[in-house]
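As a plain string of letters, each chain reads:
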Amino acid sequence: MRESEPKIPTADILHVPGNSAESLRCLLQDLSPPFTVGESVGIKIHWGERGNEGFLHPRYAREIVRWLTELGVRPFVFDTTVLYSGGRRSGEESLKTAAEHGFTEAYLECPVRIGDGMDGRDVVEIEGGGRHFPSVQAASILHKADAFVIFSHFKGHMVSSFGGAIKNISMGMASRAQKQRMHADAHPVLSRKRCIRCGLCVEVCPAGAAAMPADGDPVYDLNACIGCAQCIALCPQSALKILWDTDITVFQEKLVETAAAIWRVIGPKTVIVNALIRIVTECDCLPGNHPVIAEDAGFVAGRHPVLVDEESIRRIGAEPFDRAHAQIPWQRQFAYAREIGFTP
Ligand code: SF4
Ligand code: SF4
């Protein structure tokens, strides 16, 4: 490994076709990352919510681990706790889900960690900037590793249209409180004629905001609702839609603003890799087997999340995301990133 400037200039992007671990290895071997021998390097991944069938197989994360090990650095894999009930709300639950999905230390050949601590409270406050967050609360892991690889499964998402590197840094490395700050403007609204009163929305609500009266339709206490969208995502009848307290563009901005704040801390020592494979409608945060909306398009890597996500959209095309999530102004993410200087 060279310890000089990275071979990839900040604005450059690499791409390889294919969907195998070998394809990913080819891409990695063309990188000359900003890591120094002996450094600890955190690989941010998403090992899939319990019951999700769309997450990336751990063979890809293991390929990154092997690449880093050969470079002489000390890799580990991590994710953070989440807001909603399921298999990742606490560190203990999340590591169990990781193991069930094959992300074990034995298979990955490196430690598997929770970036914000087993109780989700190991967090740091960092400087924000922009319209929404004077400060941002993030997992303390961003101060506990020397460098990072952000490895993201590029696919659809119900409130940001697509999820890639920006979202993996933002939602993926934010504290639970910061996740809530980003989601706070979204609440469920019921279509009565679709609802079959199965009670699932009540069962999954982590805030006790949903209730099922004995003689009526489910009701939602919007004061108690934390906007996690779990009920909306899991309703088997699609009877719940998102009601935004503000324009939906605000969510796009909050997502980007959080990513930008974290990037200011980790950016100089971070490599971005997106996997454009198994491109499904929904995030790996949701249980289920979601439909594939686009052909596999290989792997994209670079030194800036905005550029890597833009290139990912360019290679797949916007149409599959617009069809799956009509009326989500995802373009605002890129425009706002430029407005707040979140670019190379
Ligand atoms: S999950 Fe959907 S169908 Fe079931 S009670 Fe809630 S709104 Fe109705
Ligand atoms: S009612 Fe609110 S807090 Fe409860 S699951 Fe739905 S969005 Fe989340």
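Analysis parameters
Residues numbered from 1 in each chain as written. Chains lettered and ligands numbered in written order. Predicted model: local features only at pLDDT ≥ 70, side-chain atom pairs only at ≥ 80, totals over all residues. Heavy atoms only, no water. Helix = DSSP H or I, 4+ residues; strand = E, 2+ residues; numbered from the N terminus. Rg over C-alpha atoms; globule rule 2.2 N^0.38 Å. Buried < 20%, exposed > 50% of the residue type's maximum accessible area, 1.4 Å probe, protein only. Contact = heavy atoms within 4.5 Å. Areas by Shrake-Rupley, 256 points an atom, 1.4 Å probe, with all protein chains shown as cover. Lys, Arg positive; Asp, Glu negative; His and termini not counted. Charge placed at Lys NZ, Arg CZ, Asp CG, Glu CD. Pairing = 2+ DSSP bridges. Axes fitted to C-alpha atoms, helices over the stretch in contact; angles between N-to-C directions. Phe/Tyr/Trp six-rings, centres within 6.5 Å; stacked < 30°, edge-to-face > 60°. Parallel < 35°, antiparallel > 145°, perpendicular 65-115°, else oblique. Nonpolar A, V, L, I, M, F, W, Y, C, P; charged D, E, K, R; others polar. Near = heavy atom within 4 Å. Core = buried A, V, L, I, M, F, W, Y, C linked by side-chain atoms within 4.5 Å. Domains from an automatic or database assignment. Buried area = accessible area lost by both parts, 1.4 Å probe. Salt bridge = Lys/Arg side-chain N within 4 Å of Asp/Glu carboxyl O.

**So, the overall build of the chain**
Per the secondary structure count, the chain includes 12 helices and 17 strands. The C-alpha atoms of the chain give a radius of gyration of 19 Å, which matches the 20 Å a tight globule of 344 residues would have. The dimensions of the chain, computed from C-alpha atoms along their principal axes, are 70 × 40 × 40 Å. Residue burial in the chain is summarised as follows: out of 344 residues, 58% are buried. For the chain, contacts bridging at least 24 residues in sequence account for 77% of all contacts bridging at least 6. Approximately 13400 Å² of the chain is accessible, and the part contributed by carbon and sulfur atoms is 50%. Side-chain charges in the chain split into 36 positive and 41 negative, and the spacing between the mean points of these groups amounts to 1 Å.

**Digging into the sheet that holds strand S3 (residues 74-79)**
Adjacent strands of a sheet pair through backbone hydrogen bonds, lying either parallel or antiparallel. The mixed open sheet is built from 7 strands, whose spatial order is S1-S17-S14-S7-S2-S3-S4. Edge strands, defined here as strands with exactly one partner in the open sheet, are strand S1 (13-16) and strand S4 (112-114). Averaged over all adjacent pairs, the angle separating strand axes in this sheet is 25°, with direction ignored. One ladder, built from 4 bridges, connects strand S2 (residues 40-44) with strand S7 (residues 147-153); its direction is parallel. Each bridged residue has a counterpart across the sheet, and for Val41 the counterpart in S7 is Ala147. Packed on one face of the sheet, helix H2 (residues 58-71) meets S2, S3, S7 and strand S17 (299-302) and runs near 160° to S7.

**Digging into the packing of aromatic side chains**
Under the defined criterion, the tally for this structure stands at 12 aromatic pairs. Between the aromatic rings of Phe76 and Phe78, the centroid separation amounts to 5.9 Å while the plane-to-plane angle is 40°, which identifies the pairing as tilted. Considered together, Phe76 and Phe78 belong to a single accessibility category, that of buried residues. Aromatic pair Phe154 and Phe162: ring centres 5.3 Å apart, planes at 20°, arrangement stacked. You'll find Phe154 and Phe162 in the same group, each marked buried. An aromatic cluster of three or more residues is present, and its members are Phe154, Phe162, Phe321, Trp330 and Phe334.

**Focus: the packing of helix H5 (residues 165-173) against helix H9 (residues 249-266)**
At a minimum axis distance of 8 Å, the contact between H5 and H9 shows a crossing angle of 85°. Taken together, the axes of H5 and H9 lie roughly perpendicular to each other. Two secondary-structure elements touch here, H5 through Ile166, Lys167, Ile169, Ser170, Met171 and Met173 and H9 through Phe251, Lys254, Leu255, Val256, Thr258, Ala259, Ile262, Trp263 and Ile266. A breakdown of the residues in the contact of H5 with H9 according to their chemical character gives 11 nonpolar, 2 polar and 2 charged.

**Quick word on the pairing of strand S14 (residues 270-275)**
In terms of burial, S14 is a largely internal element, 6 of the 6 residues being buried. Where S7 lies against S14, 6 bridges are found, and the strand directions are parallel. Paired with Ile150 across the bridge in S14 is Ile272.

**Some words on H5**
The buried fraction of H5 amounts to 9 of the 9 residues, a majority that puts the element mostly inside the structure. For H5, the set of buried residues is Ala165, Ile166, Lys167, Asn168, Ile169, Ser170, Met171, Gly172 and Met173.

**Overview of the site of ligand 1**
Every one of the 15 residues lining ligand 1 counts as a neighbour, but Cys195, Cys198, Gly199, Cys201 and Cys235 are closest to it. Taken together, the residues that form the shell around ligand 1 break down as 12 nonpolar, 2 polar and 1 charged.

**Some thoughts on the nonpolar core**
Ranked by size, the top nonpolar core spans 65 residues in total, and within it Leu142 and Met173 carry the most contacts. Take this core: its biggest share by element is 9 residues, from H9. Residue contributions to this core reach at least three from each of two domains, namely domain 1 (13-180 + 248-339) and domain 2 (186-244). Beyond its immediate stretch of four places on either side in the chain, Leu142 contacts Val124, Ile126, Phe148, Met173, Ile262, Val265 and Ile266.

**Focus on the domain arrangement of the chain**
Annotation of the chain at the domain level lists domain 1 (13-180 + 248-339) and domain 2 (186-244). Each of domain 1 and domain 2 has a C-alpha centre, and the two are 28 Å apart. Listed as interface residues are 11 residues of domain 1 and, on the opposing side, 11 residues of domain 2. Taking both sides of the interface into account, the surface hidden between domain 1 and domain 2 amounts to around 1000 Å²; carbon and sulfur atoms contribute 73%. In this structure, the connection of domain 1 to domain 2 is made through 0 salt bridges.

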